[in-house]
Amino acid sequence: FAMVVLTPPPSPRALASRALATALGSCVLLSSPDISSLGTSGAPSINLLRPPPANAAFTEEQRLVAETWRTVDKLFVDRTFNNHNDWFDIRQEMVKKKYATQDDAYDAIAKMLTKLDDPYTRFLEPAKYATMVNAATGEVAGVGVELFDRDGECVVSDIQPNAPAKAAGVEVGDVITEADGTTTKGLSIDEVASLLRGTPGTKVGLVVARGSDKSGIDLRVTRAKVAIQGVRSSMVTTSKGTKIGVVKIKSFSGSTAADVSSALDEFSKAPPAAIVLDLRNDAGGLLPGGIDTARLFLAKDKVIVTVTNAKGLEDKTETVKDGRELDTPLFMVVNKKTASAAEVLTAALQENGRAVVFGEQTFGKGIVQTIQPVRGDAGISVTIARYMTPLGNNINKKGITPDTNIPCNPIGDIAACLEEPA
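So, here's what we can say about the structure. Predicted model only: the values in this text are computed from it and were never measured.

**Some words on a negative patch on the surface**
Okay, so step 1: A cluster of acidic residues, Asp103, Asp104, Asp107 and Glu125, forms a negative patch on the protein surface.
Okay, so step 2: Secondary-structure assignment places Asp107 in helix α5 (residues 102-114).
Okay, so step 3: By relative accessible area, Asp107 is classed as exposed at 52%.

So, in C-alpha cells, the structure goes:
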C-alpha cells in the first residue's frame, strides 16, 4: 500500500503521467512537500559528482547501484538512514563491487534497502515499474480483475465493467488456483497479477474454484487494455426501505474528486436519506485525490492533513471554502485493507465530525512515497514524508478505529453493511 509521487521517464507517455504526482506515488500525486526541497544527507556528496578515473570506468550495473543509492540519499525521510552511520560507506562498497549479471545488481540493491527497515522504500525492476506507471495512467493490459489475499488464497474481489474476465465467465469470489499454467499457491498477489497481465490480444488460462466446487473451472481469457474505473455509484435500498446513495472508491487518482462530485449530481435528482462512502479494500493512490474528495464534504477552514517532510517542515492542508455536500448524513465503511490516501480521507471526515465510520480497524499507513525512474527502465519507491490527521494523530502502523466496529465482508454486498447506519 502506498501513497506515491510518480516521476516517470521523459517519454511522451511519461510526460503525460507527470500530471500524476502520488501518495504508492500510490499511493502517487502528492499534494505534499516539494521534492526539490527535501534535504540530503550530510555525507560528502561532492564525491558523487567526481568522474571516476579513466581506468576505473563504472559498469552499467555499478552505475545503476550508484544512481539508486543517490536517489535514496537525496529523498529518504529518515535522515539517519535507520541509524546507519555507515550509509556513505555502503555506497562505496556497493559501487566497487563487481556484478556478473543485472540480477546480481538488483539483489544487491534490494539488500541495501532492507537496511532502512522501511518496506515502502524498495527497488522496482523494469516490469514492476512499468506496471505501476501503467496503472497510474490507466493503461493496463490484462483481464480486468482485482485480487486480494484470503488466508493464502488468491480471491477475485472485483471485476471492472466490460472487462475480458467478465466476458470469460470469471465471477467475484472466485479463487484463482492456477494462472497461465502456474499454480498460485505460495505466490503473492502481485506475482499472480503479473501472470495475468500481458500483450493485448494474447490469451491466459485460469483455473478457479467457485463456492463449494473445489474441482476447478478452466477458463480462457483474452487480455485487453482495461480502463480502470476508480469510482462507482449506486442507489440501494436497505431492508428498512431507506434509500442510500453509495459511492464506492476503489483507488484515488487525479479525477477521483470529480467522479465523486458527478455521483453527487446524480444523487441530487432523487436525494437519498444518507450517503455512504465505501472504502473497503481501497489501498490508496494519489494523495491529492483523497484531499480533494475530502473538500467536497467539509466546511471552510477545516484541516484535512498535515504532511512533514525530511527537513521537518510541515505543510498543513486546509479547506478554503465550503464543500458542496455538508448536510446529508454521511457514513464511511472501511476494513483492514483501507490504507494510505483512503485513510487520509477517512480521518479528515471522521475527526472533523462530518462522517460516522463503520467497519474494521484500517491498515495504518501514515507515510508518503515518491516513485522515481532509474537507469535500465527500472524505478525506485522512496518514503519522503509522514502525515498526521487533523487532530494530530499518527496512524502509521496503527490505523483508524471506526466509530462502530462491525464485520463487513470485503467482497460482499454493501447493503449488508448498511443496515446499522441506515
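Back to the write-up after that little detour.
**Remarks on the packing of aromatic side chains**
Okay, so step 1: Applying the stated rule across the entire model yields 6 aromatic pairs.
Okay, so step 2: Grouped by ring-pair contacts, the aromatic residues Trp69, Phe76, Phe81, Trp87 and Phe88 constitute a single cluster.
Okay, so step 3: Between the NZ or CZ atom of Lys365 and the centre of the ring of Tyr120, over which it lies, the distance is 4.8 Å.

**A few points about the side chain of Thr68**
Okay, so step 1: Within the secondary structure, Thr68 is located in helix α3 (residues 60-75).
Okay, so step 2: Note on Thr68: relative accessible area 0%, which makes it buried.
Okay, so step 3: Contact partners of Thr68, with chain neighbours within four places excluded, come to Ile109, Met112, Phe123, Val374 and Ile380.

**Topic: the packing of helix α9 (residues 256-268) against helix α10 (residues 287-295)**
Okay, so step 1: Running from N to C, α9 and α10 cross one another at 35°; their axes reach a closest spacing of 8 Å. For the pair formed by α9 and α10, the contact residues are Thr256, Ala257 and Val260 on the first element and Gly289, Asp292 and Thr293 on the second.
Okay, so step 2: Class assignment for the residues of the contact of α9 with α10 results in 2 nonpolar, 3 polar and 1 charged.

**Thoughts on the nonpolar core**
Okay, so step 1: Counting residues in hydrophobic clusters, the biggest one holds 62 residues, and the most contacted among them are Leu277, Leu345 and Leu349.
Okay, so step 2: Looking at which element gives the most residues to this core, the answer is helix α11 (residues 341-351), with 7 residues.

Criteria and cut-off values
Residues numbered from 1 in each chain as written. Predicted model: local features only at pLDDT ≥ 70, side-chain atom pairs only at ≥ 80, totals over all residues. Heavy atoms only, no water. Patch = residues over 30% accessible without salt bridge, like charges linked within 9 Å, V, L, I, M, F, W, Y side chains within 5 Å. Areas by Shrake-Rupley, 256 points an atom, 1.4 Å probe, with all protein chains shown as cover. Salt bridge = Lys/Arg side-chain N within 4 Å of Asp/Glu carboxyl O. Lys, Arg positive; Asp, Glu negative; His and termini not counted. Charge placed at Lys NZ, Arg CZ, Asp CG, Glu CD. Helix = DSSP H or I, 4+ residues; strand = E, 2+ residues; numbered from the N terminus. Buried < 20%, exposed > 50% of the residue type's maximum accessible area, 1.4 Å probe, protein only. Phe/Tyr/Trp six-rings, centres within 6.5 Å; stacked < 30°, edge-to-face > 60°. Lys NZ or Arg CZ within 6 Å of the ring centre and 35° of its normal. Contact = heavy atoms within 4.5 Å. Axes fitted to C-alpha atoms, helices over the stretch in contact; angles between N-to-C directions. Nonpolar A, V, L, I, M, F, W, Y, C, P; charged D, E, K, R; others polar. Core = buried A, V, L, I, M, F, W, Y, C linked by side-chain atoms within 4.5 Å.

On their own, these measurements won't tell you what the molecule is for.
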